[in-house]
Amino acid sequence: MSRLQLALNVSDLEAAIAFYSKLFATEPAKVKAGYANWEIADPPLKLVVFEAPEGGTLNHLGVETETAAEVTAAEARLAGTGLETTGVDDTTCCYATKVETWVTDPDGARWEWYVKTGDADQLAPGVLEDLTDGDGGVCCAPVAEPVALGAKPAAESGCC
């Protein structure tokens, strides 16, 4: 079963871990310096947080699959529709070894289609150089201009 991935930038990793663990009634699957992820069964979600000065912003989105063949098929489908992808690559990224491909939506949000093939000890350079602002960015690094998730609601105003 595939699941969506949501990767967020947070300003306080410990506070984010406490909040999201309560929100989804699930402890993180992995915690590293400046990084945590959850493998949430219900709803099926891979939640990833990166500690960054621009907390409350989108880092990237993704679809986690079960096999490399699914990644290859997704990349072929995406490229076949005319979307520019990075191609399929084996990489080490986000404290994991992966087979992945990336696309960028019209507003600049990055989407990763991937399968995790193993664990890694460090956040390592990936294949995103041509999807960043050209400065040789690394996989999962906060984007140069964060995508805002919305302002905190004012205390006196209601929602929506």
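Residues numbered from 1 in each chain as written. Predicted model: local features only at pLDDT ≥ 70, side-chain atom pairs only at ≥ 80, totals over all residues. Heavy atoms only, no water.

**Notes on empty space enclosed by the protein**
To keep things clear, this is the line we draw: For each structure, a 1 Å grid was placed over the protein atoms alone; sets of points admitting a 1.4 Å probe that cannot get out are labelled cavities, open sets with protein on both sides within 12 Å along at least five of seven lines are labelled pockets, and lining residues have an atom within 4 Å of a point. Grid points are joined across faces, edges and corners, and a volume is the space filled by probe spheres set on the points. In DSSP terms, a helix is any run of H or I states spanning at least four residues, a strand is any run of E spanning at least two, and both are numbered starting from the N terminus. Residue type decides the class: Asp, Glu, Lys and Arg count as charged, Ala, Val, Leu, Ile, Met, Phe, Trp, Tyr, Cys and Pro as nonpolar, and the leftover types, Gly among them, as polar.
According to the stated counting rule, one finds one cavity of 30 Å³ or more in the structure shown. Of the voids in this model, the largest cavity is the one considered here, and its volume is about 90 Å³. Along the wall of the largest cavity there are 15 residues; nearest its centre are Y35, K46, C94, K98 and Y114. Taken together, the elements giving at least two residues each to the lining of the largest cavity come down to strand 3 (35-40), strand 4 (45-51), strand 7 (96-104) and strand 8 (110-119). For the lining of the largest cavity, the leading source of residues is strand 8, giving three residues. Residues that form the lining of the largest cavity fall into these classes: seven nonpolar, three polar and five charged.

**Things to note about helix 2 (residues 68-80)**
We apply this condition: A helix is expected to span 1.5 Å for every residue after the first. Relative accessibility decides the category of a residue: with a 1.4 Å probe and only protein chains considered, values under 20% of the type maximum give buried, values over 50% give exposed, and everything between is partly exposed. The arc refers to the directions leading from the helix axis to the C-beta atoms. Any two residues whose heavy atoms approach within 4.5 Å at even a single point are treated as in contact.
With 13 residues, helix 2 should cover 18 Å at 1.5 Å per step; its first-to-last C-alpha distance of 18 Å lies within 8% of that length. By the burial criterion, the buried members of helix 2 are V71, A74, E75 and L78. Projected onto a plane normal to the axis of helix 2, the buried residues spread over an arc of 100° and lie on a single side. Across helix 2 from its buried face, at more than 90 degrees, point the exposed residues A69 and G80. Contacts made by the buried residues of helix 2 are with strand 7 and strand 8.

**Focus on the side chain of T65**
Rule in force here: Pairs of N or O atoms within 3.5 Å make up the polar contacts considered here, provided that, within protein, one atom can donate a hydrogen while the other can accept it, and that residues adjacent in sequence are counted only when both atoms are side-chain atoms.
Mapped onto the fold, T65 is located in the loop between strand 5 (57-64) and helix 2. Polar side-chain contacts of T65 include one of 3.2 Å to the backbone oxygen of T67. In this structure, T65 is in contact with S2, E70, V71, W113, Y114 and V115, ignoring residues within four places of it in sequence.

**Structural notes on the environment of A52**
Mapped onto the elements, A52 comes out in the loop between strand 4 and strand 5. The class for A52 is buried, based on a relative accessible area of 6%. With 42 residues separating them along the chain, A52 and V10 place their C-alpha atoms 5.7 Å apart.

The quantities given are spatial measurements derived from coordinates; they are silent on function.
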